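# Residue-level structure breakdown
One letter stands for each residue in the lines below.
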Amino acid sequence: MSEQGVQVARVAALVAGGAVIGAGLGLLFAPQTGAETRRDVGRYAKKTHITATRWGRSIQSGVKDAVERGKMLTQKREQPQARIEAA
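Now for a description of the structure that goes with this document. These numbers were taken from a predicted model, which means no experiment stands behind them. Residue numbers here run from 1 along each chain, matching the order of that chain's written sequence. Where local features are concerned, this predicted model is filtered to residues with pLDDT of at least 70; where side-chain atom pairs are given and counted, the filter is 80 or more; whole-chain, interface and lining totals use all residues. In computing side-chain properties, one takes all heavy atoms of the structure into account and sets aside hydrogens as well as water.

## Here's the deal with a nonpolar patch on the surface
A cluster of nonpolar residues, Ile-21, Leu-25, Leu-28 and Phe-29, forms a patch on the protein surface that exposes about 490 Å² of accessible area. For Leu-25, the location among the structural elements is in helix α1 (residues 3-28). The patches described consist of residues with a relative accessible area above 30% and no salt bridge, like charges being joined within 9 Å and nonpolar side chains (Val, Leu, Ile, Met, Phe, Trp, Tyr) within 5 Å. In this description, accessible areas are obtained by the Shrake-Rupley approach with a 1.4 Å probe, and a residue is regarded as covered only by the protein chains that are shown. A carboxyl oxygen of Asp or Glu within 4 Å of a side-chain nitrogen of Lys or Arg is what we treat as a salt bridge. Helix numbering and strand numbering both begin at the N terminus, where a helix is a DSSP run of H or I of at least 4 residues and a strand a DSSP run of E of at least 2.

## Focus: the pattern of salt bridges
Enumeration according to the criterion identifies two salt bridges in this entry. Of the charged contacts in the structure, one is a salt bridge between Asp-40 and Arg-39, with a shortest N-O distance of 3.6 Å. When accessible area is computed with a 1.4 Å probe and restricted to protein chains, residues below 20% of their type maximum are described as buried, those above 50% as exposed, and intermediate ones as partly exposed. With a relative accessible area of 31%, Asp-40 lands in the partly exposed category. A salt bridge links Lys-71 to Glu-68; the nearest nitrogen and oxygen atoms lie 4.0 Å apart. You can see Lys-71 and its partner Glu-68 sitting in helix α2 (residues 34-86), three residues apart, about one turn around the helix. Using a relative accessible area of 45% as the deciding quantity, one classes Lys-71 as partly exposed.

Function-wise, these values are silent; they only describe arrangement.
Here's what the structure looks like:
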């Protein structure tokens, strides 16, 4: 990996670590009870799971469509060559 790539990875790791630490401190000093916080985190997790599932299905169908289009294009390209060879 290049020196620039290593630097980018370090910065990304520091940002991710800072986000995790910030989220933890936010939960520790939150102005609500633990039960309320757990309920809110559970709701957020369910919403995030549903959103991620929808995105995943959307991406999956997009990839399937792209693969099918690619197959059709390669078949179209191969057909003229087969005609030429047959002649």
